[in-house]
Amino acid sequence: MPAKIKYKRILLKLSGEALLGKADYGIDPQMISRLARETMEVQQAGVEVGIVIGGGNIFRGEGLAASGMDRVTGDHMGMLATVINALAMQDALEKLGAKVRVMSAIKINEVCEDFIRRRAIRHLEKGRIAIFAAGTGNPFFTTDSAAALRAIEIDADLLLKATKVDGVYSADPKKDKSAQRFEQLTYDQVIERKLAVMDTAAIALCRDHKIPLRIYDMRREGDLMRIMRGEPIGTLVS
């Protein structure tokens, strides 16, 4: 008998870099197909799924701002990159037979819906996967902050951050062999120790609204479903 699913509704945060796979730029078709398949499996198991995707595989506003571009302009360009990724993920999911809606925080009605909280919740209740694009719609806020905000707005039971490491470490495990991996942390420990999990605004939002956050390695196939069944994979921040 399969293990019981622990969560009713989740918000999955994928970095733009997650879509790179083995590519140097843009979207690796194999990687996006695999992520779509795992997401679909979870949704078919009865979990309502919202997704926030970053845009770092295409464009980083912050990086160009450092070299002289207006930060607000750069951030708006970054938001458009997340819309491109959201549409790609929608396509990958629909190829598998999923019902998907892309909802944007900036008006771009020719390609997707506006984000309206009540409508987003309705999509989830009707068994559709909702992909939230364009961050918060405001410059100076990361897609991590957008993920925390959307998780609160849709009343998610869990915020998941899919990364390239198997949890949170005391230091960069690639540079420091003695780096310790944490199985569990409090929000305040993450902020006080300046652990690079998510930006401080995102962690504070999760803390204030009691949204548990789990960081896991999205390169390990099947881990998303294992987490849904309550297995202690990665690092839990609560």
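Scroll up to find the structure this text is about.
Residues numbered from 1 in each chain as written. Predicted model: local features only at pLDDT ≥ 70, side-chain atom pairs only at ≥ 80, totals over all residues. Heavy atoms only, no water.

Engineer: Summarise the nonpolar core; cite the residues concerned and give the values.
Structural biologist: Within the largest apolar cluster, 41 residues are counted, with the highest numbers of intra-cluster contacts made by Leu93, Ile131 and Met228. Only β1 (9–14), α1 (29–44), β2 (48–53), α3 (71–95), β3 (100–104), β5 (129–133), β6 (158–163) and α8 (223–228) provide two or more residues apiece to this core. Judged by nonpolar contacts, the second largest core, of 31 residues, contains Phe132, Ala151, Ile154 and Met198. (Core = buried A, V, L, I, M, F, W, Y, C linked by side-chain atoms within 4.5 Å. Buried < 20%, exposed > 50% of the residue type's maximum accessible area, 1.4 Å probe, protein only. Helix = DSSP H or I, 4+ residues; strand = E, 2+ residues; numbered from the N terminus.)

Engineer: Outline the sheet that holds β3, supporting the account with residue identities and numerical values.
Structural biologist: Taken together, 9 strands build an open sheet; the order of strands is β4-β3-β5-β2-β1-β6-β10-β11-β9 and the sheet is mixed. Either end of the sheet is taken by a strand with one partner, and the two such strands are β4 (113–114) and β9 (184–185). Of the strand pairs in this sheet, β1 and β6 are connected by 5 bridges, and their pairing is parallel. By the bridge assignment for β6, Ile10 is matched with Leu158. Most of the contacts of helix α5 (residues 143–153) go to β1, to which it runs at about 175 degrees, and overall it touches β1, β2, β5 and β6. (Pairing = 2+ DSSP bridges. Contact = heavy atoms within 4.5 Å. Axes fitted to C-alpha atoms, helices over the stretch in contact; angles between N-to-C directions.)

Engineer: Let's hear about the packing of α1 against α3: which residues, and what values?
Structural biologist: Put simply, α1 and α3 touch, their axes get as near as 9 Å, and they point 60 degrees apart. Judged by the twist between their axes, the crossing of α1 over α3 is right-handed. Of the residues in α3, those in contact with Ile32, Leu35, Ala36, Thr39 and Met40 of α1 are Ala88, Met89, Ala92 and Leu93. Considered class by class, the residues forming the contact of α1 with α3 number 8 nonpolar, 1 polar and no charged. (Left-handed = near helix turned anticlockwise from the far one by under 90°. Nonpolar A, V, L, I, M, F, W, Y, C, P; charged D, E, K, R; others polar.)

Engineer: Tell me about the packing of aromatic side chains, and name the residues and values.
Structural biologist: Scanning the entire structure with this criterion turns up 1 aromatic pair. Taken together, a centroid distance of 5.4 Å and an interplanar angle of 90 degrees make the contact between Phe115 and Phe132 edge-to-face. In this pair, Phe115 sits in the loop between β4 and α4 (117–125) while Phe132 sits in strand β5, placing the two residues 17 residues apart along the sequence. Since its relative accessible area comes to 17%, Phe115 is described here as buried. Owing to a relative accessible area of 2%, Phe132 belongs among the buried residues under this scheme. (Phe/Tyr/Trp six-rings, centres within 6.5 Å; stacked < 30°, edge-to-face > 60°.)

Engineer: I'd like a rundown of the pattern of salt bridges, residues and numbers included.
Structural biologist: Where charged atoms of side chains with opposite charge meet at close range, the side chains can pair. Summed over the entire model, instances satisfying the criterion amount to 18 salt bridges. We note a salt bridge from Lys107 to Asp114, for which the minimum N-O separation is 2.8 Å. Relative accessible area serves as the criterion here: at 18%, Asp114 is assigned to the buried category. Taken together, the salt bridges that share partners define one network made up of Lys8, Arg9 and Glu48. (Salt bridge = Lys/Arg side-chain N within 4 Å of Asp/Glu carboxyl O.)

Engineer: For the pairing of β6, give the residues involved together with the corresponding values.
Structural biologist: Most of β6 sits out of view: 6 of its 6 residues are buried. Burial along β6 is two-sided: Leu158, Leu160 and Ala162 facing one way and Leu159, Lys161 and Thr163 facing the other are all buried. Relative to strand β10 (residues 213–217), β6 runs parallel, the two being bridged by 5 bridges. Each residue of the ladder has a partner; that of Leu160, found in β10, is Arg214.

Engineer: Tell me about the side chain of Asp223, residues and numbers included.
Structural biologist: Within the secondary structure, Asp223 is located in helix α8. The buried category is assigned to Asp223, whose relative accessible area is 1%. A distance of 3.2 Å separates the side chain of Asp223 from the side chain of Arg220, its partner in a polar contact. Discounting chain neighbours no more than four positions away, the residues touching Asp223 are Glu38, Tyr216, Asp217 and Ile233. (Polar contact = N/O pair within 3.5 Å; in protein donor to acceptor, adjacent residues only side chain to side chain.)

Engineer: Hey, could you go over α5 for me, with residue numbers and the actual values?
Structural biologist: Burial analysis of α5 places 9 of its 11 residues in the buried class, which makes it a mostly covered element. All of the buried residues along α5 are Thr143, Asp144, Ser145, Ala146, Ala147, Ala148, Arg150, Ala151 and Glu153. Positive backbone phi, at 60 degrees, marks Asp155, one or two positions downstream of α5.

These values are about where atoms sit, not about what they do.
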